[in-house]
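# Structural features, examined
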Amino acid sequence: MGLLDGKIALVTGAARGLGADIAKAYIEEGAEVLLTDVMEKEGAATALALGNKAAFQKLDVTSEEDWIAAIAAVKEQFCGLDVLVNNAGIASGGPLEETTLEEWRQVTSVNMDGVFLGHKYAAPLIRERADKWEGGGSIINMSSVAGLIGLAGAHAYCASKGAVRLLTKSTALEYGRNGDKIRVNSIHPAFIDTDMAGQMIEGIRDNGMAANLEDARTLLTSMHPIGRLGVPRDIASAATFLASDESAFMTGSEMVVDGGMVAG
Ligand SMILES: NC(=O)c1ccc[n+]([C@@H]2O[C@H](COP(=O)([O-])OP(=O)(O)OC[C@H]3O[C@@H](n4cnc5c(N)ncnc54)[C@H](O)[C@@H]3O)[C@@H](O)[C@H]2O)c1
């Protein structure tokens, strides 16, 4: 018996990184998953490798049209939806005064508007089957430790991830008070070894905070009291728990998965 037997999930930003690992973990626990991403070729290959419980649909999370098409696709291919993982996100860095309004809007549009649109278009379909599960439907929003604490030079990223944290709590209250059986929780990873963390490591070197990539990785690792960077499975496990009925009494909460980074 899997933790997610019979459940249907849609994961955004699932072509690679955390989204791909979450999709894999969900399938291992018995779910069917619609993987979505802007990277069509990579997303289709990731879904293909996961077997017949996975499918892929192109979804730019900033596009209302794409959301409407993705929700129609999950309804047609899998007959419903129980779990939405708003995982797609992009990072940016640099001094605020050197950031253009366009760059600011690009980050906030993917990280924040994308989550708003996910709730808007997926919740009605999740609501239809929510009574089927002890824990109801589940929406999981990927925030970050950068949604809890400031990081110098990451203003748009921190602002958007902080917004995701409170959007999570607002929608959790709204659904709860309306009697909807839809739970909403956020996950707050520290640095996890994906392409995005690779960009951070390059940024540390390029900003002169470390002489080379190895020193930059050591510096980033030293920010985690547990003594290592996270791996995608650390986050996939948290996302599996939040999607399952094991977390039936959790809504509006922020799950920090950070190797102790923000504990001090
Ligand atoms: N890796 C980390 O250290 C870390 C830490 C904290 C939070 N996060 C968050 O976790 C999530 C996943 O990060 P990751 O490390 O896997 O990043 P990643 O860059 O490896 O993967 C992100 C995926 O999102 C997709 N994407 C980008 N823009 C999109 C859009 N407009 N619509 C749909 N898909 C889009 C990309 O194509 C890519 O497949 C992000 O929200 C990120 O902010 C990551």
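Our structure is the block above this text.
In this report, the structure presented in the accompanying data block is examined. None of the values given here were measured: they were computed from a predicted structure.

What counts and what doesn't
Here the residue numbers are simple positions, counted from 1 along each chain's written sequence. A pLDDT threshold of at least 70 governs which residues receive local features in this predicted model, and a stricter bar of 80 or more applies before side-chain atom pairs are shown or counted, although totals over entire chains, interfaces and linings include all residues. Neither water nor hydrogens contribute to the side-chain values; these are computed over all heavy atoms in the structure. Each nonpolar core is a collection of buried residues, namely Ala, Val, Leu, Ile, Met, Phe, Trp, Tyr and Cys, held together in the definition by side-chain atoms within 4.5 Å. Exposure categories follow from relative accessible area, calculated using a 1.4 Å probe and restricted to protein chains: below 20% of the type maximum is buried, above 50% is exposed, and the middle band is partly exposed. Each helix is a run of H or I in the DSSP string that is no shorter than four residues. Each strand is a run of E no shorter than two, and both are numbered from the N terminus. It only takes one pair of heavy atoms within 4.5 Å for two residues to be counted as in contact. Between N-to-C directions, angles cover 0 to 180 degrees, with each direction set by a line fitted to C-alpha atoms, over the stretch in contact for helices. Comment on the angle field: the value is read as roughly parallel under 35 degrees, roughly antiparallel over 145, roughly perpendicular from 65 to 115, and oblique elsewhere. For a crossing to be left-handed, the near helix must be turned anticlockwise from the far one by less than a right angle; the clockwise case is right-handed. Residue classes follow a fixed rule: Ala, Val, Leu, Ile, Met, Phe, Trp, Tyr, Cys and Pro count as nonpolar, while Asp, Glu, Lys and Arg count as charged, and any other residue, Gly among them, counts as polar. Classification of ring pairs uses Phe, Tyr and Trp, with its six-membered ring standing for Trp, and accepts pairs whose centres are within 6.5 Å; under 30 degrees between planes counts as stacked, over 60 as edge-to-face, and the remaining range as tilted. In this analysis the charged atom, NZ for Lys or CZ for Arg, is taken to sit over a ring once it is within 6 Å of the ring centre and within 35 degrees of the ring normal.

## Some points on the nonpolar core
- Membership of the largest hydrophobic core comes to 31 residues, with the highest contact counts inside it found for Ile22, Tyr26, Val33, Leu35, Ile140 and Ile187.
- Secondary structure elements with two or more residues in this core: strand 1 (8-11), helix 1 (17-28), strand 2 (32-37), strand 3 (54-58), strand 4 (83-86), strand 5 (137-142), helix 8 (232-243) and strand 7 (254-257).
- When residues no more than four places from it in sequence are discounted, the contact partners of Val33 are Ala9, Val11, Ala23, Tyr26, Ile27, Lys53, Ala54, Ala55 and Phe78.
- Leu34, Ala70, Ile71 and Ile182 belong to the second-largest nonpolar core, a separate cluster that totals 26 residues.

## Thoughts on the packing of helix 3 (residues 64-78) against helix 4 (residues 101-129)
- Between helix 3 and helix 4, whose axes approach to 10 Å, the crossing angle comes to 25 degrees. Taken as axis vectors, helix 3 and helix 4 run roughly parallel relative to one another. In this structure, the crossing between helix 3 and helix 4 has a hand that is right-handed. Every residue of helix 4 that contacts helix 3 at Glu64, Trp67, Ile68, Ile71, Val74 and Lys75 is listed here: Gly114, Leu117, Gly118, Lys120, Tyr121, Ala122, Leu125 and Glu128.
- Looking at side-chain class alone, the contact of helix 3 with helix 4 contains eight nonpolar, two polar and four charged residues.

## Digging into the packing of aromatic side chains
- Scanning the model with the defined rule gives zero aromatic pairs in all.
- The cationic tip of Lys120 hangs over the ring face of Tyr121; the distance from NZ or CZ to the ring centre is 5.7 Å.

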